[in-house]
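Examination of the molecular architecture
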Amino acid sequence: MSGEQATIWQKIKHKNQENPFLFPAFALTVLAFGRMTTSLFRRDVYGFQIGQRWRVAAQTLTIGLIGGTMWYEDYKKTQKAAAVKAALESNGSAGTQNAAEATALGASTGGAAKA
């Protein structure tokens, strides 16, 4: 999407690819609200209570998934940063080792070899 505004469907598709479990949890919350609404109009106290319990469970699941996704994304960034840092340190120490070898080689050949 170079320079274009993403449509709502593209945004939904992108978010669903990031966390595929979020939409079903959201759908469960909406269904629980539907159960509560129909039970309220039927004056079904027990059905309304069940709908509330399902709503709380579905919202807890949704919030847990959001928090878990945020933690996992942060974890991946931390792991990637650590890998880059380790790679830079290993390349840096190899460069230092190569420079030391070149200096030693130059000293042993009377300065003929340069790093």
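Residues numbered from 1 in each chain as written. Predicted model: local features only at pLDDT ≥ 70, side-chain atom pairs only at ≥ 80, totals over all residues. Heavy atoms only, no water.

1. Concerning the overall build of the chain
Put simply, the rule is: Per the convention used, a helix needs a DSSP run of H or I reaching at least four residues, while a strand needs a run of E reaching at least two, with both numbered from the N terminus. Burial classes: relative accessible area under 20% of the type maximum marks a residue as buried, over 50% as exposed, and values in between as partly exposed (1.4 Å probe, protein chains only). Any pair of residues with heavy atoms lying within 4.5 Å of one another is described as a contacting pair. Using a 1.4 Å probe, the Shrake-Rupley method yields the accessible areas, and only the shown protein chains count as cover for residues.
Scanning the chain for helices and strands turns up 3 helices and 0 strands. From first element to last, N terminus to C terminus, the chain shows the α and β order α-α-α. Going through the 115 residues of the chain one by one, you find that 11% of them count as buried. Long-range pairs, those at least 24 residues apart, make up 44% of the contacts in the chain with a sequence separation of at least 6. By element, 65% of the accessible surface of the chain is carried by carbon and sulfur atoms, the whole surface being about 9400 Å².

2. So, the packing of aromatic side chains
Rules: Pairing of aromatic rings covers Phe, Tyr and the six-membered ring of Trp, with a centre-to-centre limit of 6.5 Å; geometry is then stacked below 30 degrees between planes, edge-to-face above 60, and tilted otherwise.
The full count for this structure, using the stated rule, is 1 aromatic pair. A ring pair is formed by Trp71 and Tyr75, whose centres lie 5.3 Å apart and whose planes are at 15 degrees; its orientation type is stacked. Of this pair, Trp71 and Tyr75 both sit in helix H3 (residues 45-108), separated by 4 residues, roughly a single helical turn. We classify Tyr75 as partly exposed; its relative accessible area is 39%.

3. With respect to unusual backbone geometry
In this structure, Arg43 takes a positive phi of about 60 degrees despite not being glycine. Tracing the sequence through the fold places Arg43 in the loop between helix H2 (22-42) and H3.

4. A closer look at a nonpolar patch on the surface
What counts is decided by this rule: By definition, no residue in a patch forms a salt bridge, and every one has over 30% relative accessible area; like charges are joined within 9 Å, nonpolar side chains (Val, Leu, Ile, Met, Phe, Trp, Tyr) within 5 Å. The salt bridge criterion pairs a side-chain nitrogen of Lys or Arg with a carboxyl oxygen of Asp or Glu, the two atoms within 4 Å.
Residues Ile8, Trp9 and Ile12 make up a contiguous nonpolar surface patch of about 370 Å² in total accessible area. When you line up the elements, Trp9 lands in helix H1 (residues 8-18).

5. A closer look at the pattern of salt bridges
On inspection of all chains with the given rule, the structure shows 1 salt bridge. Residue Lys76 is joined to Glu73 by a salt bridge in which the shortest nitrogen-to-oxygen separation is 3.7 Å. One end of the pair, Lys76, and the other, Glu73, are both in helix H3, 3 residues apart, so they sit about a helical turn from each other. With relative accessibility at 32%, the residue Glu73 sits in the partly exposed group.

6. Description of the environment of Glu18
Note that Glu18 resides in helix H1. Along the chain, Glu18 and Glu73 lie 55 residues apart, while their C-alpha atoms are 9.7 Å from each other.

7. Let's talk about H2
Note the following rule: How far a helix is expected to stretch is found by multiplying one less than its residue total by 1.5 Å.
In this model, H2 (21 residues) spans 31 Å end to end at C-alpha, consistent with the 30 Å of a helix rising 1.5 Å per residue. Arg43, located one to two residues past H2, shows a positive phi value of around 60 degrees.

8. Brief notes about the confidence of the model for the chain
Cut-off, in case you're wondering: A score from 0 to 100, pLDDT tells how confident the predictor is in each residue.
On average, residues of the chain carry a pLDDT of 80, and 77% of them reach 70 or more. Of all helices and strands in the chain, the one with the weakest mean pLDDT is H3 (80), whereas H2 scores best (91).

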